[in-house]
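Architecture at a glance
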Amino acid sequence: MNIMDDMLRAAIPPSRSTYNNLINACGSSGNWKEALNVCKKMTDNGVGPDLVTHNIMLTAFKSGTQYSKALSYFELIKGTHIRPDTTTHNIIIHCLVKLKQYDKAVDIFNSMKEKKSECHPDVVTFTSMIHLYSVCGHIENCEAAFNMMLAEGLKPNIVSYNALLGAYAARGMENEALQVFNEIKQNGFRPDVVSYTSLLNAYGRSRKPQKAREIFKMIKRNNLKPNIVSYNALIDAYGSNGLLEDAIEILREMEQDKIHPNVVSICTLLAACGRCGQKVKIDTVLSAAEMRGIKLNTVAYNSAIGSYINVGEYDKAIDLYNSMRKKKIKSDSVTYTVLISGCCKMSKFGEALSFMEEMMHLKLPMSKEVYSSIICAYSKQGQIIEAESTFNLMKSLGCSPDVVTYTAMLDAYNAAEKWEKLYALFEEMEENDVKLDTIACAALMRAFNKGGQPGRVLSLAQSMREKDIPLSDTIFFEMVSACGLLHDWKTAVDMIKYMEPSLPVISSGCLNLFLNSLGKSGKIEIMLKLFFKMLASGAEVNFNTYSILLKNLLSSGNWRKYLEVLQWMEDAGIHPSNEMYRDISFSQKNCGVENAAVIKERLESLKRNAGDQSSASQPCESHVCS
């Protein structure tokens, strides 16, 4: 700027190159406003800008994170006789990615690939596209963009390799990340700190924190200095795998290496605290941030609020939210999503609705998770009309409900016993090709049974098996109930083979219901067969289980097996009740003299054994009665 003033005082007219150099100087120093002023003076002084000027100006906006201004400036360029080149488009693609306008960025990329295009993609273009697809989670497209670059005869640089390596790392694909890392060396490049940090991240996300630590050590061994991102990645590697103490130790290690933790370090630790269920540690991390003068931003507050909610500390989460407002830290959609979903998980439905009202007042966009939570809140409070209204509003705003949202609405209709509306909603799900999951199927089955359509439960169960949708405890419970309502014992018997692999994790309530259904239908042998499978699998067998067996054996007149089951109870350390003994005693009258004598003898033997086992620790029955 001083030299420019000297030129003007010496009456030396600045050329276009002079102005371009000055604009570049302003932009490179982060002063995009001054760069824009110089650009305007250039035009006012009759020296028109050229493509180089425009690209320098776009770069200034990009460096100053003024992405929207860059797009507006680009529209002005298109209105002139100057045609943008590949560099221009590369800058615009970068800005569009930063603004999350991914579709527009892809459109520009596709237009550059056309044969008639004057601006063909270069290495920078393909690298930007790899980054774009990585951000969107489209790993196949990352690979395709990289391979397309090679097919075009372009040689990837270290930034290109790092972009692909980072894409694999973000998804914990450590084998693929390692392969790219090795390719970097094979192709004559020296991996930089970004390469090592990405590989470290890959191992952290694939639940291999010790491997991540090895890569961290390699950074130093190769005469590179770990940066703040490297340390944060290592904190995440330990924290996301439940090794909270190790993660906190990395924070101290950073400071010993004279690298000051930043708000990302704190966010990473807070998220780890929430996952590990460490209430005290959340307070410690927040105190550590305060001591180090690290001011929490919106993301950090969201992490802390979410962590408190994950460990059931609702009051502390609300205190943090109030502190956030007091310090005028802007709440965003994530803040309210965390609060609303957390309130619903803790059955604080009134509070969830209050936060929704605040969210709507601030005109913040609501995610599907929020809509699902609000529908659930209205449902639990019996406000079915409000739940319907929220569901319809969501659709009218172009936010397509997913299976979670539909399930919330199914539960709402279930609670209100609005069967016809529920069936219509199920048909809508099928029309919209919404893929059912186990929870949605359980909600539907519950409704079918309660609504008097048990046949549809078994049809849906068959469909679940065909689509490989996992069968849960609730699913089995509803299937057993449906078989009982239909008296379809053939299907009930067939169910045993589907249940067998899951017997150890199926609730005793579901299994007892199944045993009772089989017994009531007269399928005594099958009932006992299922019972033996339960024993063999280690499934829970309790007093109620034996009670069901005995009741059905008594009804069928099978007194011999009844006595055996009483003995099994004793052997399992579960003492039969007096009523169980009394029931078999009454049956002696109908068994004939010979059988009655056998029953009496066996019964007395059982009672003696029971008395011997309990006398050391329990008072005798006569003492209790007296």
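Quick notes on the rules
- Residues numbered from 1 in each chain as written.
- Predicted model: local features only at pLDDT ≥ 70, side-chain atom pairs only at ≥ 80, totals over all residues.
- Heavy atoms only, no water.
- UniProt positions renumbered as here; feature names shortened; annotations may be inferred.
- Helix = DSSP H or I, 4+ residues; strand = E, 2+ residues; numbered from the N terminus.
- Rg over C-alpha atoms; globule rule 2.2 N^0.38 Å.
- Contact = heavy atoms within 4.5 Å.
- Lys, Arg positive; Asp, Glu negative; His and termini not counted.
- Charge placed at Lys NZ, Arg CZ, Asp CG, Glu CD.
- Core = buried A, V, L, I, M, F, W, Y, C linked by side-chain atoms within 4.5 Å.
- Buried < 20%, exposed > 50% of the residue type's maximum accessible area, 1.4 Å probe, protein only.
- Axes fitted to C-alpha atoms, helices over the stretch in contact; angles between N-to-C directions.
- Parallel < 35°, antiparallel > 145°, perpendicular 65-115°, else oblique.
- Left-handed = near helix turned anticlockwise from the far one by under 90°.
- Nonpolar A, V, L, I, M, F, W, Y, C, P; charged D, E, K, R; others polar.
- Phe/Tyr/Trp six-rings, centres within 6.5 Å; stacked < 30°, edge-to-face > 60°.
- Salt bridge = Lys/Arg side-chain N within 4 Å of Asp/Glu carboxyl O.

Naming follows an unreviewed UniProt entry, where the chain appears as PPR containing plant-like protein of Medicago truncatula. Of the chain, the UniProt comment under Sequence similarities (unreviewed entry) reads exactly: "Belongs to the PPR family. P subfamily."

1. Observations regarding the overall build of the chain
Counting its regular elements, the chain contains 36 helices and 0 strands. In terms of C-alpha radius of gyration, the chain reaches 35 Å, well past the compact-globule figure of 25 Å for 626 residues. Within the chain, residue pairs in contact and separated by at least 24 positions form 59% of the contacts whose partners lie at least 6 positions apart. One finds the centroid of the 70 positive side-chain charges in the chain at a distance of 4 Å from the centroid of its 68 negative side-chain charges.

2. Some remarks on the environment of Ala144
Tracing the backbone through its elements, the reader meets Ala144 in helix α9 (residues 139-151). Put simply, Ala144 and Tyr133 are 11 residues apart on the chain and 10.0 Å apart in space, counted from C-alpha to C-alpha.

3. Description of the nonpolar core
Of all hydrophobic cores here, the largest spans 202 residues; its most connected members are Ile305, Ile340, Phe355, Met409, Leu436 and Phe514. Once residues within four sequence positions are removed from consideration, Phe514 is found in contact with Val480, Ala492, Met495, Ile496, Met499 and Leu530.

4. Re the packing of helix α31 (residues 524-537) against helix α32 (residues 543-555)
Remark: α31 packs on α32, axes separated minimally by 11 Å, with the N-to-C direction vectors making an angle of 160 degrees. As the angle between them shows, α31 and α32 are arranged roughly antiparallel. Seen along the crossing, α31 lies across α32 with a hand that is left-handed. Contact residues: Ile524, Met527, Leu528, Phe531 and Met534 in α31; Thr545, Tyr546, Leu549, Asn552 and Leu553 in α32.

5. A word on the side chain of Thr86
By secondary structure assignment, the location of Thr86 is in helix α6 (residues 86-98). By relative accessible area, which is 15% here, Thr86 ends up buried. In contact with Thr86, other than residues within four places in its own chain, are Met112, Cys119, His120, Asp122 and Thr125.

6. Structural notes on the packing of helix α12 (residues 193-205) against helix α14 (residues 228-239)
For the pair α12 and α14, the least separation of the axes is 9 Å and the interaxial angle reads 10 degrees. When the axis of α12 is compared with that of α14, the two are roughly parallel. Residue-level inspection shows Val193, Thr197, Leu200, Asn201, Gly204 and Arg205 of α12 in contact with α14, the latter providing Val229, Ser230, Ala233, Leu234, Asp236 and Ala237. Of the residues that constitute the contact of α12 with α14, the class distribution is 6 nonpolar, 4 polar and 2 charged.

7. Some remarks on the packing of aromatic side chains
Overall, the coordinates contain 17 aromatic pairs when judged by the stated rule. Judged by centre distance (5.5 Å) and plane angle (65 degrees), the ring pair of Phe391 and Tyr406 falls under edge-to-face. One end of the pair, Phe391, is in helix α23 (residues 384-396); the other, Tyr406, is in helix α24 (residues 403-416), with 15 residues separating them in the sequence. Its relative accessible area of 4% is what places Phe391 among the buried residues. Ring pairing ties together the aromatic residues Phe531, Phe532, Tyr546 and Trp568, which thus form one cluster.

8. Structural notes on the pattern of salt bridges
Evaluation of the coordinates by the stated rule reveals 16 salt bridges. With a shortest N-O distance of 3.1 Å, Lys78 and Glu75 are connected by a salt bridge. Here Lys78 pairs with Glu75, and both are found in helix α5 (residues 67-78), just 3 residues apart, close to one helical turn. Among the ionic pairs, Asp494 bridges to Lys490, the shortest N-O distance being 3.4 Å. Pair noted here: Asp494 and Lys490 are both in helix α29 (residues 489-499), with a separation of 4 residues, about one helical turn. For Asp494, a relative accessible area of 31% gives the class partly exposed.

9. Topic: unusual backbone geometry
Non-glycine residue Lys328 carries a positive phi angle of around 60 degrees. As for its position among the elements, Lys328 is in the loop between α19 (314-326) and α20 (333-345). Of the residues examined, Lys328 reaches a relative accessible area of 76% and is grouped as exposed. You will see that Ser347, though not glycine, has its phi angle at about 60 degrees, which is positive. You can see Ser347 is positioned in the loop between α20 and α21 (349-361).

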